[in-house]
Amino acid sequence: MSRTRRLKLRVFRTAVFLVLGAFFLVPIGAMFEFSTRGNGVTAPRTLDAWTAIAKVPDLLPAISVSLQLAAITAVAMLVLLLPTMVWVRLRLPGLSRIVEFICLLPLTVPAIALVVGMVPLYRWIGPNLSDSILTLSFAYLILVLPYTYRTLDAGLAAIDLKTLSEAARSLGAGWGTVMLRVVVPNMSSAILNACLLAVALVLGEFTFANLLAFENLQVAILYVGLVSAGTSIAVAVASLLFAFVLLMILSFVGRPRERVAREEPTGIPGPFGPPAVPQGL
Amino acid sequence: MSDATTRRDGARGVEVRLEDLRRAYAATTALDGLTLTMSPGEMVALLGPSGCGKTTALRLVAGLEEADSGRVVIGGNDVTNLGANKREIGMVFQAYSLFPHMTAMNNVAFGMQLHKVGAAERRKRAGEMLELVGLSAHANKYAHQLSGGQQQRVALARALAIKPKVLLLDEPLSALDAKVRSRLRDEIRRVQLEVGTTTLFVTHDQEEALAIADRVGVMNKGRLEQLGPPTTIYSRPATPFVAEFVGLTNRLAGVVKSGEVEVRGARLPLVKPDTTDGPALALVRPEAVSVIADGDMSPGPLVGSVISTVFLGATSRVTVDLGDITVLAQMPTSNVGAITAGTRVRLSLRTDPVLVAQDDKAPTGA
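Residues numbered from 1 in each chain as written. Chains lettered and ligands numbered in written order. Predicted model: local features only at pLDDT ≥ 70, side-chain atom pairs only at ≥ 80, totals over all residues. Heavy atoms only, no water.

**Overview of the packing of aromatic side chains**
Residues and elements named next belong to chain B.
Stage number 1. If you walk through the whole model with that rule in mind, you get seven aromatic pairs over all chains.
Stage number 2. Their ring planes at 65° and their centres at 4.9 Å tell us that Phe99 and Phe110 sit as a pair that is edge-to-face. Of the two residues, Phe99 sits in the loop between β6 (89–92) and α2 (104–114) while Phe110 sits in helix α2, which places them 11 residues apart along the sequence. The two residues Phe99 and Phe110 agree in class, both being buried.
Stage number 3. A ring pair is formed by Phe241 and Phe245, whose centres lie 5.6 Å apart and whose planes are at 10°; its orientation type is stacked. One end of the pair, Phe241, and the other, Phe245, are both in helix α8 (residues 240–245), four residues apart, so they sit about a helical turn from each other.
Stage number 4. Positioned over the ring face of Phe99 is Arg158, at 4.7 Å from the centre of the ring.
Stage number 5. Here the guanidinium or amino end of Arg285 rests over the ring plane of Tyr234, the centre of that ring lying 4.2 Å away. (Phe/Tyr/Trp six-rings, centres within 6.5 Å; stacked < 30°, edge-to-face > 60°. Helix = DSSP H or I, 4+ residues; strand = E, 2+ residues; numbered from the N terminus. Buried < 20%, exposed > 50% of the residue type's maximum accessible area, 1.4 Å probe, protein only. Lys NZ or Arg CZ within 6 Å of the ring centre and 35° of its normal.)

Right, here's the structure in full:
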């Protein structure tokens, strides 16, 4: 590649990065600017709206339940979807189209229609099982299915699942061992991406919770906004930053680390493994 | 072929019996009553075209598929209803099957860990196994850092590390290039003789099967057509299918009479002397056909013109047009001399016993 071409490419990349950065940061910056305005046109900047966040009584519980919902949904999604998809790929390939159709179906149904359909279900769940907000994870599981299915499907397609699982079976592995020691480590990127999507979707979810009369983080922000617009915007910015930081942490903690041999009886230095290949996203 | 008697002392093979195994997929019968007994420490190669049922047979032994009927008996124990993980088998697959997230050493140690072998013993034995396949120096490499041949050798070490009762090889060389194939083929045989594990080797490559197996089973349409030592399979094929599948064959029209077949003026003994008299196709190997380029070339049933000569290394293959059919002859390259396309030649058929096909309507020729 010539030097001029390299330079052009670098300029192009920088321009794209700056435009996209502005696209995301300008609205957040504007929200931050709004949340720090004082009362009156000439009033000085103030962090009153931000300091008020800690004083909003229902906010911390709402953050807590949103996090719990995100965790429950992500775990339930993995427990339900991953073994099902592996089993369908290995034993019931004829069902793969049907499973795909079912998993992608929620994408085509508007959230409001889904909620309307679920109202009778939750009317029954409330008095008969539990009225806890954590029951929302049933609904969220359906909400995240299309996105997580696609991600996990891409991860499964990237490995020779049949051969690897048969090799493990021939070596004495039961199905649980095959899942935990062969399938999961070889598609850890896809699993992590699916979890990140589930967490992001649940943390930002408003319609289901509001229409089913539960108070999660987004609903709590709405209520705060009814009392104080500045505090509401401050909470929104804080929740965005919080979600961003959380996803960054999950991403860095969960990525497969460089693979270095653990057993080195020959004294030969272990070379690094392959770079993690992002899958699905 | 290597001799199974060179196996080292203390070999630990067990007898393996497949009894009337049947398996069908919808309307297709993949395996139609396969019965086969493998002696302890023996290597049997199942050879056949795609779809003949050889891989199905291997997968039934492995427990990766369930038989519709029949039994698999390993070391005297009926394992027909046992899962693959409980059959104590080692398997090397056609596709590269190393776990990508583990080093070669950890791949080899994986099975032992599942069999509750202690960490020290595990490490020691994994090291020995890698040494056995000549890959000690690559113990800490991942699959993507190894060549195809190296990956298959690690897979072999991994399969043997758990001290399996049976070793199953499912076309392990088919993804490799010719040179690596040949080298690894010999290495697999060396290792198998050294450890003495009863081995079932599935391949569609006749050269591979004939080169390393103690016995070769030729399969066709789910049935075992013939089982025997490689030399018998090649020189005394039991059926026309075996004769044509294993090696090249000339199909020459002739007449069976009194335990012999008369082909273009030559009388050849029969593999099966009790064959019914009448018209038949004699299946004659190219190496049983000699090409004579001097002497009397007056017209006759075995006189014709050379169409082509193909150099194969130590031997050459000569295609001769006899007017109504073409015949293949294989001879030492040193004897080819001035035989080139267009040369007038006379053929001579060696009086080896031949097999005949009597109900075959296929056209004659090479």
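Now that the structure has been shown, the text picks up again.
**Notes on the packing of helix α3 (residues 59–90) of chain A against helix α9 (residues 188–203) of chain A**
Residue and element names in this part refer to chain A.
Stage number 1. Orientation of α3 relative to α9, taken along the N-to-C sense of each, is 140°, at an axis distance of 9 Å. The orientation of α3 with respect to α9, classified from their angle, is oblique. Remark: the crossing between α3 and α9 carries right-handed chirality. Together, Ser66, Leu67, Leu69, Ala70, Thr73, Ala74, Met77, Leu78 and Leu82 of α3 and Ile191, Ala194, Cys195, Ala198, Val199, Val202 and Leu203 of α9 make up the contact between the two elements. (Axes fitted to C-alpha atoms, helices over the stretch in contact; angles between N-to-C directions. Parallel < 35°, antiparallel > 145°, perpendicular 65-115°, else oblique. Left-handed = near helix turned anticlockwise from the far one by under 90°. Contact = heavy atoms within 4.5 Å.)

**Let's talk about the sheet that holds strand β14 (residues 278–284) of chain B**
Sheets are built from strands paired through backbone hydrogen bonds, the pairs being either parallel or antiparallel.
Residue and element names in this part refer to chain B.
Stage number 1. Spatially, the five strands line up as an open sheet ordered β13-β12-β11-β14-β20, and their pairing is antiparallel. With one partner strand each, in any of the chains shown, β13 (266–269) and β20 (355–357) form the two edges of the open sheet. The average angle at which neighbouring strand axes cross in this sheet is 45°, direction not considered.
Stage number 2. Pairing analysis gives four bridges linking strand β12 (residues 260–263) to β13, with the strands arranged antiparallel. Looking at the pairing, Glu260 lines up with Pro269 of β13. (Pairing = 2+ DSSP bridges.)

Interpretation note: all reported values are geometric properties and have no functional meaning in isolation.
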